[in-house]
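One-letter residues, chain by chain:
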Amino acid sequence: FNHRVEATRNIDSNCFELGVSPNPSGNHFNIQYEIKAWSGVARLMLYNNLGQLVESRVLSDAKGNLRLGDELEKGLYVIQIQSGDSLSSGMKLIKQ
């Protein structure tokens with residue numbers, strides 16, 4: 001096999017602050033975020049345990065709060081923020 005993979009995004013934990021409460025949750029999650037290297041456009045992405053994108057939200061501010069997860073099935077999820085070419089480290093969410 002001769003496959004070439006090029007990374008277009010870098011994981012940069014220093015550019016992002018991400019908090020979730022409650023975690024685990026039986027209802028919804030409150031997400032608090034801050035993007036230190038704000039490029040004017042960012043996106044929060046929620047993936048299921050198979051790596052499939054379940055939800056994506058445009059973030060219009062460098063700092064904020066949002067609520068998600070009311071409709072999620074029980075299971076393990078991961079959220080990440082993308083801003084420009086940078087990605088936050090994934091944070092695990094557990095829906096009970």
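Preceding block: the structure.
Before going into details, it helps to say that this report is about the structure given with it. (Residues numbered from 1 in each chain as written. Predicted model: local features only at pLDDT ≥ 70, side-chain atom pairs only at ≥ 80, totals over all residues. Heavy atoms only, no water.)

## Describing the overall build of the protein
Just so we agree on the cut-off: In this description a helix means any DSSP run of H or I spanning at least four residues, a strand means any run of E spanning at least two, and both kinds are numbered starting from the N terminus. Partly exposed residues are those whose accessible area sits between 20% and 50% of the maximum for their type, while under 20% is buried and over 50% is exposed, using a 1.4 Å probe and protein chains only. By the convention used here, residues are in contact when the closest approach between their heavy atoms is within 4.5 Å. The Shrake-Rupley method, run with a 1.4 Å probe, gives the accessible areas here. Residue values count only the displayed protein chains as cover.
Assigned secondary structure in the protein consists of 0 helices and 9 strands. When the helices and strands of the protein are placed in sequence order, the string is β-β-β-β-β-β-β-β-β. Taking all 96 residues of the protein together, the buried fraction comes to 35%. Nonlocal contacts in the protein, meaning residues at least 24 apart in sequence, comprise 56% of its contacts between residues at least 6 apart. Carbon and sulfur atoms form 46% of the exposed surface of the protein, whose accessible area is close to 6200 Å².

## Considerations on the nonpolar core
For clarity, the threshold we go by: By nonpolar core is meant a set of buried Ala, Val, Leu, Ile, Met, Phe, Trp, Tyr and Cys residues that side-chain atoms within 4.5 Å join together.
Residues Ile-31, Leu-59, Ile-79, Ile-81 and Leu-93 are the most contacted members of the largest nonpolar core, which totals 19 residues. Taken together, the elements giving at least two residues each to this core come down to β2 (16–21), β3 (29–35), β4 (42–48), β6 (63–68) and β7 (75–83). Looking at this core, the element that brings in the most residues is β3, giving 4 residues. The contacts of Leu-93, once residues within four sequence positions are left out, are Val-20, Asn-23, Phe-29, Leu-46, Leu-68, Gly-75, Leu-76, Tyr-77 and Ile-79.

## What about the sheet that holds β6?
Stated formally: For two strands to pair, DSSP has to find at least two bridges joining them. To obtain each axis, a line is fitted to C-alpha atoms, and for helices this fit is confined to the stretch in contact; angles are then taken between N-to-C directions over 0 to 180 degrees.
Strand order in the open sheet formed by 3 strands is β2-β3-β6, with antiparallel pairing between adjacent strands. Every interior strand has two partners, whereas the edge strands, β2 and β6, have only one. Pairs of neighbouring strands in the sheet enclose a mean axial angle of 15°, with direction left out of account. Here β3 pairs with β6 via 6 bridges, running antiparallel. By the bridge assignment, Phe-29 is partnered in β6 with Leu-68.

## Brief notes about the environment of Trp-38
As for its position among the elements, Trp-38 is in the loop between β3 and β4. Taking the C-alpha atoms as reference points, Trp-38 and Ala-62, 24 residues apart in sequence, are found 5.7 Å from one another. Setting aside chain neighbours within four positions, we find Trp-38 in contact with Leu-59, Ser-60, Asp-61 and Ala-62.

## A word on the side chain of Gln-80
Rule in force here: Polar contacts here mean pairs of N or O atoms no more than 3.5 Å apart (in protein, one a potential hydrogen donor and the other a potential acceptor; neighbouring residues in sequence count only if both atoms are side-chain atoms).
Relative to the helices and strands, Gln-80 resides in strand β7. There is a polar contact of 2.8 Å between the side chain of Gln-80 and the backbone oxygen of Ser-88. Discounting residues that sit within four places of it in the chain, Gln-80 has contacts with Arg-43, Leu-44, Met-45, Tyr-47, Leu-87, Ser-88, Ser-89 and Gly-90.

Read these as spatial facts, not as claims about activity.
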